[in-house]
Amino acid sequence: MFITAPGLVQFLHPSKVALSQTHWPAITLALERPWYLLVHDVTYNGKKVSQTSLVAWDHTLLDLLAQIPVADLSGIARLDRRHDVGSSWALEWIGALWTPAPCESPALGPLLFKLGADPQVRNTDLLPVAEAPGRRLLFEASSSRPGGG
């Protein structure tokens, strides 16, 4: 399942986009940002089954996490576009994910996280951020889950 935000702005002039491909500008724009791979359990016909979603926007990930019980989360990974030689994408499992504290600058963005075994808390631009009281923990990987070590 691909999940992008509603109302994405096209960055190509409409004369450059074929009528049958109006969805490509939004997907192309989203591919430049980090994507998140969200793995969680859902109930289907009375059974728990695993579901994997690709999420393109930080705020969309927050909306999904608000609807999924914490016990049903299996793992969250971050996919970053690479522009060097080799693989086009880098995938790193998130060890813990928070929303910033109310006292923290809005410039930090909507998410803070630790990647895998990295002890440093980072913002969505992968810049380290100092500790601050009042952050809300949304997800923490257990040792049996991806990203938990």
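Right, let's walk through the structure included here. Here the structure is a predicted model, which is why all the values come from computation and not from measurement.

Overview of the nonpolar core
Step number 1: Ranked by internal contacts, the top residues of the largest apolar core, which has 18 residues, are Tyr-36, Leu-38, Leu-61, Leu-65, Ile-76, Ile-94 and Leu-97.
Step number 2: If you list the elements that add at least two residues to this core, you get β2 (35–44), α2 (58–67), β4 (73–81), β5 (89–99), β6 (112–115) and β8 (136–140).
Step number 3: If you tally residues by element for this core, the top one is α2, at 4 residues.
Step number 4: The contact partners of Leu-61, leaving out residues within four places of it in the chain, are Tyr-36, Leu-38, Val-55, Leu-97 and Leu-111.
Step number 5: Core analysis: the second largest hydrophobic core is formed by 7 residues, Leu-37, Val-39, Ala-56 and Leu-79 among them.

Thoughts on the pairing of β4
Step number 1: Extensive coverage of β4 is indicated by the burial of 7 of its 9 residues.
Step number 2: Looking at chain direction, β2 and β4 are connected through 6 bridges and run antiparallel. For Leu-38, the partnering residue across the bridge sits in β4 and is Ile-76.
Step number 3: In the sheet, β4 pairs with β5 via 5 bridges, with the strands oriented antiparallel.

Calculation criteria
- Residues numbered from 1 in each chain as written.
- Predicted model: local features only at pLDDT ≥ 70, side-chain atom pairs only at ≥ 80, totals over all residues.
- Heavy atoms only, no water.
- Core = buried A, V, L, I, M, F, W, Y, C linked by side-chain atoms within 4.5 Å.
- Buried < 20%, exposed > 50% of the residue type's maximum accessible area, 1.4 Å probe, protein only.
- Helix = DSSP H or I, 4+ residues; strand = E, 2+ residues; numbered from the N terminus.
- Contact = heavy atoms within 4.5 Å.
- Pairing = 2+ DSSP bridges.

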